[in-house]
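Residue strings, one per chain:
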Amino acid sequence: MRVHIISDMEGISGIVHTEQTNAGKPMFEEGRKLYTEEINAAVRGAKAGGAAEIVVMDCHGAGDGFSWNSLIAEELDPDCEFVVQDQWTGYTAFLESGCDAALFVGMHAMAGTSDGVLNHTVSGVDWQNLWFNGTRVGETGINAGEGLTTVEVKEGLGAKTARLLPPRRARELVEAGAKRALSDLKAVAPYDPGKPCEVKVEYKGTTPPQRLRFQSGVELLDDRTIVSRGDDWWTAWKQFFFAAG
């Protein structure tokens, strides 16, 4: 079995503040340690669930040289391999070559969730809301549909407030959850927002959408909102996301 572990930092147990998730902040190294050990728990669970090949992809943008590169390489479980990307969603080779399952670790609440710890969608600086074919989604919605096996490691009480499980206990649950999720690969169908696909983004300001005003396939709906249309989701996503920088 080939398993892709796709990870983010804000949903990890023990992480509540931006000082733990942003490169250069005094608490960032603590955050990296917590992050790496929870990923290791998922790797152990995947292996126990029958995975023969495990590829971890860090999807956290910490800034500086740590964007998509916040895991502590020396401390990663040796039973996995890991990817360092140049930009978010840039690496798709493992998915395209035919992996059997994906595990999402450290996912967080979408932008605007009142009790969501460090809630945001894609970019906490630039993005306000995101829709796929009219359905508002956060980053979990970008990656997966409904019916997932889930593990709760914290209860959000506010943007920077939470009731948390101690990391050691959280890791036990993540390990068990990963094994359980892989016990029935047919339990959750691969997620597809539908064809054709319309991706709509509401930005917080006017500069990001203005950069896309001449992009083929992209329409400005108003000063802060764009829509990208394609025959499928990946086409609609690529034609605006990789052009937005």
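Throughout, residues of each chain are indexed from 1 in the direction in which the sequence is written. Local features are withheld for residues below a pLDDT of 70 in this predicted model, meaning they are given only at 70 or higher, and side-chain atom pairs are given and counted only at 80 or more; totals for whole chains, interfaces and linings count all residues. Side-chain descriptors were evaluated using all non-hydrogen atoms of the structure, hydrogens and water having been removed beforehand.

Topic: helix 1 (residues 28-48)
Part 1 of the argument: The first and last C-alpha atoms of helix 1 sit 30 Å apart over 21 residues, in line with the 30 Å expected at 1.5 Å per residue.
Part 2 of the argument: Think of it in three bands: with a 1.4 Å probe and only protein chains considered, a residue is buried below 20% of the maximum accessible area for its type, exposed above 50%, and partly exposed in between. Only DSSP runs of H or I with at least four residues qualify as helices, and only runs of E with at least two residues qualify as strands; both kinds are numbered from the N terminus onward. Burial within helix 1 is extensive, with 15 of its 21 residues counted as buried.
Part 3 of the argument: One or two steps after helix 1, the chain reaches Gly50, where phi turns positive at roughly 110 degrees. Helix span is expected to be 1.5 Å times the residue number reduced by one.

Section: the nonpolar core
Part 1 of the argument: Here the nonpolar core consists of buried residues drawn from Ala, Val, Leu, Ile, Met, Phe, Trp, Tyr and Cys, with membership extended through side-chain atoms lying within 4.5 Å. Of all hydrophobic cores here, the largest spans 33 residues; its most connected members are Ile5 and Ile39.
Part 2 of the argument: Secondary-structure elements contributing two or more residues to this core are strand 1 (2-7), helix 1, strand 2 (53-58), strand 4 (101-105) and helix 4 (167-181).
Part 3 of the argument: Ranked by residue count, the leading element in this core is helix 1, at eight residues.
Part 4 of the argument: Each residue touching Ile39, except ones within four places of it in the same chain, is listed here: Ser7, Val56, Leu71, Leu76 and Val105.
Part 5 of the argument: Ranked by size, the runner-up nonpolar core spans 26 residues in total, among them Cys59, Trp127, Val199 and Leu212. The contact criterion used throughout is that any non-hydrogen atoms of two residues lie within 4.5 Å.

A look at the sheet that holds strand 9 (residues 197-203)
Part 1 of the argument: Strand pairing requires that DSSP identify at least two bridges connecting the strands. With antiparallel pairing, five strands are arranged side by side in an open sheet as 6-5-9-11-10. Lying at the two open borders of the sheet, with one neighbouring strand each, are strand 6 (135-136) and strand 10 (218-222).
Part 2 of the argument: Here five bridges tie strand 5 (residues 127-132) to strand 9, and the two strands are oriented antiparallel to one another. When the sheet's bridge partners are listed, Phe132 is paired in strand 9 with Val199.
Part 3 of the argument: Geometry is summarised by axes, namely lines fitted to C-alpha atoms with helices restricted to the contacting stretch, and by angles between N-to-C directions that run from 0 to 180 degrees. Where helix 6 (residues 233-241) meets the sheet, it contacts strand 5, strand 9, strand 10 and strand 11 (225-230), and its direction lies at approximately 135 degrees from that of strand 11.

Re the packing of aromatic side chains
Part 1 of the argument: Centres within 6.5 Å make a pair out of two Phe, Tyr or Trp rings, where for Trp the six-membered ring is used; the pair is then stacked when the planes are under 30 degrees apart, edge-to-face when over 60, and tilted otherwise. Tallying each qualifying case throughout the model produces 16 aromatic pairs.
Part 2 of the argument: Ring centres of Trp127 and Phe241 lie 6.3 Å apart, and the angle between their planes is 70 degrees; this geometry places the pair in the edge-to-face category. Separated by 114 residues along the polypeptide, Trp127 in strand 5 and Phe241 in helix 6 bring together distant segments of the chain.
Part 3 of the argument: Given a relative accessible area of 15%, Phe241 falls into the buried group.
Part 4 of the argument: Taken together, a centroid distance of 5.4 Å and an interplanar angle of 75 degrees make the contact between Trp237 and Phe240 edge-to-face. Of the two residues, Trp237 and Phe240 both sit in helix 6, three residues apart, roughly one turn of that helix.

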